[in-house]
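Listed below are the residues making up each chain.
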Number of protein chains: 2
Amino acid sequence: MEKWRRSERVSVITKCLLENPNKLLSLNYFTNLFQSAKSSISEDISIIRDTFQKFGYGKIETLTGAGGGVMFYPEIKPEDKNEFIKAIAMRLQDPKRILPGGFIYMADIIFDARVAQKVGEIFAQHFMAEAPQYVVTMETKGIPPALMTAKALNVPLVVIRDGSRVTEGTSVSLNYVTGSSKQIRTMTLSRRALPLESRVVIIDDFMKAGGTAKGMVDLLSEFKSHVLGIGVLVDTGFPERKLVNNYCSLLKLLSVDEQNKRIAVEPTGRISE
Amino acid sequence: MEKWRRSERVSVITKCLLENPNKLLSLNYFTNLFQSAKSSISEDISIIRDTFQKFGYGKIETLTGAGGGVMFYPEIKPEDKNEFIKAIAMRLQDPKRILPGGFIYMADIIFDARVAQKVGEIFAQHFMAEAPQYVVTMETKGIPPALMTAKALNVPLVVIRDGSRVTEGTSVSLNYVTGSSKQIRTMTLSRRALPLESRVVIIDDFMKAGGTAKGMVDLLSEFKSHVLGIGVLVDTGFPERKLVNNYCSLLKLLSVDEQNKRIAVEPTGRISE
């Protein structure tokens with residue numbers, strides 16, 4: 001029987017906790033794995049807990065009793081969060097991103113898994129107290145941040161499809177008007193994708209007038225969902241009034257000046273700790 | 001000046017390594033963080049390396065010299081991989097998944113972040129030796145496994161869009177014929193999304209005849225890409241011959257019997273260790 005040193009156990013337990021955020025891990029799993037006394041494992045965990053707290057990695061809670069275990073709630077330090085959001089703002093301001101029509105190219109940032117992971121952790125931390133059961137987004141660019149939010153919250157992701165050609169059994173479709181370009185579009189969600197009366201948060205990459213977000217809220221009302229909040233990576237300064245209210249964004253796109261090739265974007269500071 | 005214990009340092013270094021797979025982390029970063037001698041940090045790392053090796057978590061390599069540092073190559077133990085793939089097969093066999101037309105409902109599995117993460121780690125391990133520079137997929141369901149593969153490989157994800165209405169500057173579009181239903185469709189990739197002559201792997205959720213994969217390969221040839229391989233979560237037993245050759249799948253869908261409500265799916269065992 002191999003005997004494990006404290007630092008070895010700490011490394012393994014750290015890994016298990018990090019890979020299972022918001023999930024109760026049984027202490028027995030670890031006592032069996034290491035053939036160690038519960039007291040040793042508890043001490044390992046308290047070392048990790050104190051270290052994580054000192055470094056601002058998040059909270060670790062131990063639940064005692066028969067169903068006891070340990071749970072990790074990831075957090076990001078306010079200064080790390082601000083630095084991260086500022087770095088995204090810097091990247092977004094690159095004038096090479098300007099596309100015809102005053103759009104800006106964001107795909108490289110949206111599909112950057114590290115960015116998505118951090119955005120997901122920020123939104124998870126923001127919405128965690130509301131105990132959402134599902135994260136909902138709309139294809140395509142909403143998926144990376146929404147998937148990572150779902151991962152950090154340890155809940156399933158539900159993806160609303162663009163259009164109506166969906167081969168996923170009975171589904172609910174909604175025609176909606178995009179808030180800024182006033183186009184009529186359709187979004188569809190399979191009936192089996194989301195149980196009725198679920199508690200959900202909506203995560204998306206971008207919001208201009210909020211027409212898509214409003215459409216998602218309306219579609220979710222067909223599922224009697226409780227929409228706890230909406231988180232978007234970037235919203236725009238104009239129009240100031242959006243079609244939805246209860247949303248927060250990490251960044252605000254203030255202006256895109258095609259002629260002088262200048263993009264103004266700034267952190268909103270609207271995400272709570 | 002706070003003095004850190006070995007187990008505290010090990011917990012922090014474990015976290016940094018896990019969150020930065022396939023990325024060189026400087027030893028100086030850790031000596032500064034902990035105000036510790038390089039020898040202590042090196043010993044911390046060798047403890048983590050040995051522990052990770054014993055538990056089959058992956059390889060940790062230390063590079064000495066001025067540009068020295070430490071690098072983590074994640075791995076999944078063969079038995080864990082097999083168990084994971086078998087568990088997906090079990091979930092897929094649920095007859096409630098049968099949709100009209102002999103399709104099966106997979107969205108809940110595809111959009112499960114934990115599943116995607118593991119699939120991504122498996123494909124990353126499989127393709128790592130080829131040193132891909134980009135992971136390429138096509139929206140929508142390819143995104144979760146592809147994003148997680150990109151994360152594990154520490155490379156960017158490139159998403160080919162379905163259709164031609166893409167507002168991302170100059171782009172290349174390709175009309176292709178879906179291999180099984182013989183529909184003509186369009187896929188589009190923005191010029192700026194992928195530099196010419198990149199080394200890429202294609203990751204997707206599903207392959208039937210391989211028409212979409214073939215389309216992606218053809219579109220990528222416009223970017224002079226070197227396609228190192230194709231990984232799909234599920235392919236079908238029929239048609240046996242696909243329109244592409246160099247692909248591997250984790251699971252094979254053998255049959256969907258709508259009348260008797262039976263789905264046959266099995267692990268392919270074709271993913272190398």
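Nothing here was measured: the structure is a model prediction, and the numbers come from that model.

1. Notes on the relation of the copies chain A and chain B
For the pair of chain copies, the relating transformation is a rotation about an axis with a translation along it. The transformation that overlays chain A on chain B combines an axial shift of 0.0 Å with a rotation of 180 degrees, and the residual RMSD is 0.0 Å. Both copies are brought into coincidence by an operation consistent with a two-fold rotation axis. Among all residues of chain A, the minimum C-alpha distance to the rotation axis is found for Ser7 of chain A, at 2.3 Å. The residues that chain A uses at the interface reappear at the interface of chain B in 100% of cases, marking a shared surface.

2. Side note on the sheet that holds strand E1 (residues 25–26) of chain A
Residue and element names in this part refer to chain A. The 3 strands are arranged E1-E3-E2 in an open sheet whose pairing can be described as antiparallel. Only two strands of the sheet have a single neighbouring strand rather than two, namely E1 and strand E2 (58–63). Along the sheet face, helix H3 (residues 38–55) touches E2 and strand E3 (69–74) and points at about 155 degrees away from the line of E2.

3. What about the domain arrangement of chain A?
All names here are of chain A. By the assigned domains, chain A splits into domain 1 (6–74) and domain 2 (78–267). Taking only C-alpha atoms, the centre of domain 1 and the centre of domain 2 are 33 Å apart. Contacts between domain 1 and domain 2 engage 5 residues on the former and 6 residues on the latter. Summing both partners gives a buried area of about 460 Å² for domain 1 against domain 2, and 54% of it is carried by carbon and sulfur. On the domain 1 side of the interface with domain 2, the three residues burying the most area are Pro21, Asn22 and Pro74, jointly 79% of the side's total. At the boundary of domain 1 with domain 2, the tally comes to 2 residue pairs in polar contact (both at pLDDT 80 or more). Split into classes, the residues belonging to the side of domain 1 that touches domain 2 amount to 3 nonpolar, 1 polar and 1 charged.

4. Structural notes on the sheet that holds strand E7 (residues 157–162) of chain A
Residue and element names in this part refer to chain A. Taking strand neighbours across the sheet as the criterion, the 8 strands line up as E8-E9-E7-E6-E10-E11-E12-E13 in an open arrangement whose pairing is mixed. Every interior strand has two partners, whereas the edge strands, strand E8 (171–177) and strand E13 (262–267), have only one. On average, each strand axis in the sheet is tilted by 25 degrees relative to the strand beside it, whichever way the strands run. Inspection of the sheet shows strand E11 (residues 226–236) paired to strand E12 (residues 247–257) by 6 bridges, in the parallel sense. Considered in E12, the bridge of Thr236 is made with Leu253. Against the sheet, helix H4 (residues 78–92) touches E11, E12 and E13, its axis set at about 170 degrees to E13. On the sheet, helix H6 (residues 113–127) packs against strand E10 (199–207), E11 and E12 and is oriented at approximately 140 degrees with respect to E11.

5. Quick notes on the state of the cysteines
A complete count under the given rule lists 0 disulfides over all chains for this structure. In this model Cys16 of chain B remains outside any disulfide bridge; the closest cysteine sulfur is found in Cys16 of chain A, 18 Å from its own.

6. A short note on the interface of chain A and chain B
Tallying the contact residues gives 56 residues for chain A and 56 residues for chain B. Across the chain A to chain B interface the summed buried area is about 5,000 Å²; carbon plus sulfur atoms make up 62%. Considering only the side of chain A, the residues that lose the most area to chain B are Phe111, Arg114 and Arg192 of chain A, jointly responsible for 13% of the buried surface there. If you look at where chain A meets chain B, you find 4 salt bridges. With its nearest N and O atoms 3.4 Å apart, the salt bridge here joins Glu8 of chain A to Lys54 of chain B. Of all elements in the fold, only helix H1 (6–19), helix H2 (27–34), H3, H6, helix H7 (143–153), E7 and strand E9 (184–190) of chain A reach the threshold of two or more residues within the side of chain A that touches chain B. A total of 11 residues in the side of chain A that touches chain B trace back to one element, the largest contributor, which is H1 of chain A. In terms of residue class, the side of chain A that touches chain B is made up of 25 nonpolar, 11 polar and 20 charged.

What counts and what doesn't
- Residues numbered from 1 in each chain as written.
- Chains lettered and ligands numbered in written order.
- Predicted model: local features only at pLDDT ≥ 70, side-chain atom pairs only at ≥ 80, totals over all residues.
- Heavy atoms only, no water.
- Least-squares fit on C-alpha atoms with pLDDT ≥ 70 in both.
- Contact = heavy atoms within 4.5 Å.
- Pairing = 2+ DSSP bridges.
- Helix = DSSP H or I, 4+ residues; strand = E, 2+ residues; numbered from the N terminus.
- Axes fitted to C-alpha atoms, helices over the stretch in contact; angles between N-to-C directions.
- Domains from an automatic or database assignment.
- Buried area = accessible area lost by both parts, 1.4 Å probe.
- Polar contact = N/O pair within 3.5 Å; in protein donor to acceptor, adjacent residues only side chain to side chain.
- Nonpolar A, V, L, I, M, F, W, Y, C, P; charged D, E, K, R; others polar.
- Disulfide = S-S within 2.5 Å.
- Salt bridge = Lys/Arg side-chain N within 4 Å of Asp/Glu carboxyl O.

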